[in-house]
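# Descriptive structure summary
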Amino acid sequence: MTSAGQSRTVTIGAAQLGPIGRDESREAVVVRLITLLREGAEAGCDLVVFPELALTTFFPRWFTDDIAGHDHYYETSMPSPATQPLFDEAKKLGVGFALGYAELTEDGRRFNTTVLVERDGSEVAKFRKVHIPGHEDDEPWRPFQHLERRYFEESSEGFGVWRAFGGIFGMATCNDRRWPETYREMGLQGVEMILIGYNTPIHYAPDPGQNALQGFHNHLCMQAGAYQNGTWVVGVAKGGTEEGVESLAQSAIIAPSGQIVAQAVTTGDELITAVADLDWCNHYKETLFDFARYRRPELYQRITSQKGVVAPPPESLAPNGGESS
Ligand code: CDV
């Protein structure tokens, strides 16, 4: 409850997508998005969240010598003629949305971007993915590639939060969800709901031993991020088998307790919803995770001053041969 006594609930929809084929037009995809948006409106949603790169197939799986060879997968404006019908329908229905897409800026920069739009059609913010996984160069040994580091720049804008939908909202994209710093950066700004789209292939070529754990790791990091920061987290997949590559589905809406309150059961287009009480965040923000009372930032200096691991010297080089005194 607010001091004025109104409850602060947001009816949230996670609009999971199934595969998008290489030859599927944006117009056809936008029809799918509008179908899910209308379903969300019927369910009373204030906000519907679509996945990462929700307008095209996941093109970083293919190498092109000339990066511009993939330019047709990027948006040079948002909205564009192809996406305007989604913006129009959302405004008509009074439903906000978050949409992931590949952004090519006027000055030629490439970002993996999500736009957040309010119920009246106004843009709240754009978020550009911070942690860009995968590789830069052709690696033909892989069954399929993950060339995000070739096709996207790392954003240096960080993790902002914005007042919208009656609360404090933040965004992250796919690989960002695996890093605790993502959630804590927003937690320190009082975030109450984090929106995360993802494309996660089941096969992880650098260490296939992780394949069977993809579903576990997906929920593990988002549930931990929610609980440790007292925030709602909405994780939305593009799942299913796209151009021969199987990707994780299991979209989920996670409460500030860390519990999953809704989860997708298919690997295709599917809307899941939950009524999210933003005031529930305070149970955690004002008790176990009362940051102002309990955090010890003076002891966390390595987190921002150091990038890689600096281990203690090997025992043979230690002054006393590694013996404890
Ligand atoms: N789109 C992604 O960021 N995918 C990564 C994969 C490559 C590990 C992820 O973290 O799910």
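Summarised in this report is the structure supplied together with it. (Residues numbered from 1 in each chain as written. Predicted model: local features only at pLDDT ≥ 70, side-chain atom pairs only at ≥ 80, totals over all residues. Heavy atoms only, no water.)

### Some thoughts on the overall build of the protein chain
Counting its secondary structure elements, the protein chain contains eight helices and 14 strands. Against the globule reference of 20 Å for 325 residues, the protein chain gives a C-alpha radius of gyration of 21 Å, in line with a compact fold. Considering only C-alpha atoms, the protein chain reaches an extent of 70 × 60 × 40 Å along its principal axes. When burial is assessed residue by residue, the protein chain has 53% of its 325 residues classed as buried. Sequence separation of 24 or more characterises 68% of the internal contacts of the protein chain that already satisfy a separation of 6 or more. Of the accessible surface of the protein chain, which amounts to about 15000 Å², a share of 51% is contributed by carbon and sulfur atoms. If you average the places of the 28 positive and of the 44 negative side-chain charges in the protein chain, the two averages end up 3 Å apart. (Helix = DSSP H or I, 4+ residues; strand = E, 2+ residues; numbered from the N terminus. Rg over C-alpha atoms; globule rule 2.2 N^0.38 Å. Buried < 20%, exposed > 50% of the residue type's maximum accessible area, 1.4 Å probe, protein only. Contact = heavy atoms within 4.5 Å. Areas by Shrake-Rupley, 256 points an atom, 1.4 Å probe, with all protein chains shown as cover. Lys, Arg positive; Asp, Glu negative; His and termini not counted. Charge placed at Lys NZ, Arg CZ, Asp CG, Glu CD.)

### Side note on the sheet that holds strand 12 (residues 252-254)
As summarised here, the arrangement of the six strands in space is 6-7-8-9-12-13, forming an open sheet in which the pairing is mixed. Pairing within the sheet leaves two strands with one partner each, and these edge strands are strand 6 (161-164) and strand 13 (260-263). On average, adjacent strands in this sheet sit at an angle of 20° to one another, irrespective of strand direction. Contacts between helix 4 (residues 180-187) and the sheet are confined to strand 6, strand 7 (167-173), strand 8 (193-198) and strand 9 (232-237), with strand 7 contributing the most and set at about 160° to the helix. Packing against the sheet, helix 5 (residues 214-229) makes contact with strand 8, strand 9, strand 12 and strand 13, and its axis sits at approximately 25° to strand 12. (Pairing = 2+ DSSP bridges. Axes fitted to C-alpha atoms, helices over the stretch in contact; angles between N-to-C directions.)

### Re the packing of aromatic side chains
Tallied over the full model, the rule gives eleven aromatic pairs. Considering the side-chain rings of Phe127 and Phe159, the 5.6 Å spacing of their centres and the 25° angle between planes classify their relative orientation as stacked. Here Phe127, found in strand 5 (residues 123-128), pairs with Phe159, found in the loop between helix 3 (148-151) and strand 6; they are 32 residues apart in sequence, far enough to count as distant. Of the two residues examined, Phe127 and Phe159, each falls in the buried class. The interplanar angle of 70° and the centroid separation of 5.6 Å between the aromatic rings of Trp232 and Trp280 together place this pair among those described as edge-to-face. Of the two residues, Trp232 is situated in strand 9 and Trp280 in the loop between strand 14 (270-277) and helix 6 (281-285); the sequence distance between them amounts to 48 residues. Residue class for Trp232 comes out buried when judged on its relative accessible area of 2%. (Phe/Tyr/Trp six-rings, centres within 6.5 Å; stacked < 30°, edge-to-face > 60°.)

### Side note on the nonpolar core
Nonpolar side chains in soluble globular proteins tend to end up buried together. Judged by nonpolar contacts, the single largest core of 48 residues is most densely connected at Ile12, Leu116, Phe169, Met193, Leu195, Val234 and Ile253. Those residues within four positions of Ile12 in sequence are excluded, and the remaining contacts are Cys45, Leu47, Val49, Met193, Leu195, Val234, Ile253, Ile272, Thr273, Ala274 and Ala276. Among the nonpolar cores identified, the runner-up in size contains 25 residues, and Leu17, Leu36, Leu55 and Phe87 belong to it. (Core = buried A, V, L, I, M, F, W, Y, C linked by side-chain atoms within 4.5 Å.)

### Re the site of the ligand
Around the ligand, the structure places Glu52, Phe58, Lys129, Pro133, His146, Glu148, Cys174, Asn175, Arg177, Arg178, Asn199 and Thr200. Between the ligand and the protein, one listed contact pairs a nitrogen atom with a side-chain N or O atom of Glu52 at 3.1 Å. A distance of 3.0 Å separates a nitrogen atom of the ligand from a polar side-chain atom of Glu148. Relative to its unbound accessible area of 320 Å², the ligand is 92% covered by the protein chains. Looking at side-chain class alone, the shell around the ligand contains three nonpolar, four polar and five charged residues. (Near = heavy atom within 4 Å. Polar contact = N/O pair within 3.5 Å; in protein donor to acceptor, adjacent residues only side chain to side chain. Nonpolar A, V, L, I, M, F, W, Y, C, P; charged D, E, K, R; others polar.)

### Things to note about the state of the cysteines
Under the definition given, this model contains zero disulfides. This cysteine, Cys221, is not joined by any disulfide, and Cys174 carries the nearest cysteine sulfur, 9.4 Å off. Left unpaired, Cys281 is separated from the closest cysteine sulfur, that of Cys45, by 18 Å. (Disulfide = S-S within 2.5 Å.)

### Quick notes on helix 4
Among the residues making up helix 4, those that are buried are Thr182, Tyr183, Met186 and Gly187. Angular distribution of buried residues about the axis of helix 4 spans 125°; they occupy a single face of the element. Against the buried residues of helix 4 lie strand 6, strand 7, strand 8, helix 5, strand 9 and helix 7 (291-294). (Arc of directions from axis to C-beta.)

### Describing the pattern of salt bridges
Counted under the stated rule, the structure contains 23 salt bridges. One salt bridge in this structure joins Asp46 and Arg119, with 3.7 Å as the shortest N-O distance. Taken as a pair, Asp46 in the loop between helix 1 (26-42) and strand 2 (47-49) and Arg119 in the loop between strand 4 (110-117) and strand 5 lie far apart in primary sequence, 73 residues in all. Residue Asp46 is classed as buried on the basis of its relative accessible area of 18%. We note a salt bridge from Glu89 to Lys92, for which the minimum N-O separation is 3.5 Å. Linking Glu89 with Lys92, this pair stays in helix 2 (residues 84-93), spanning three residues, or about one helical turn. The class of Lys92 is exposed, set by a relative accessible area of 64%. (Salt bridge = Lys/Arg side-chain N within 4 Å of Asp/Glu carboxyl O.)

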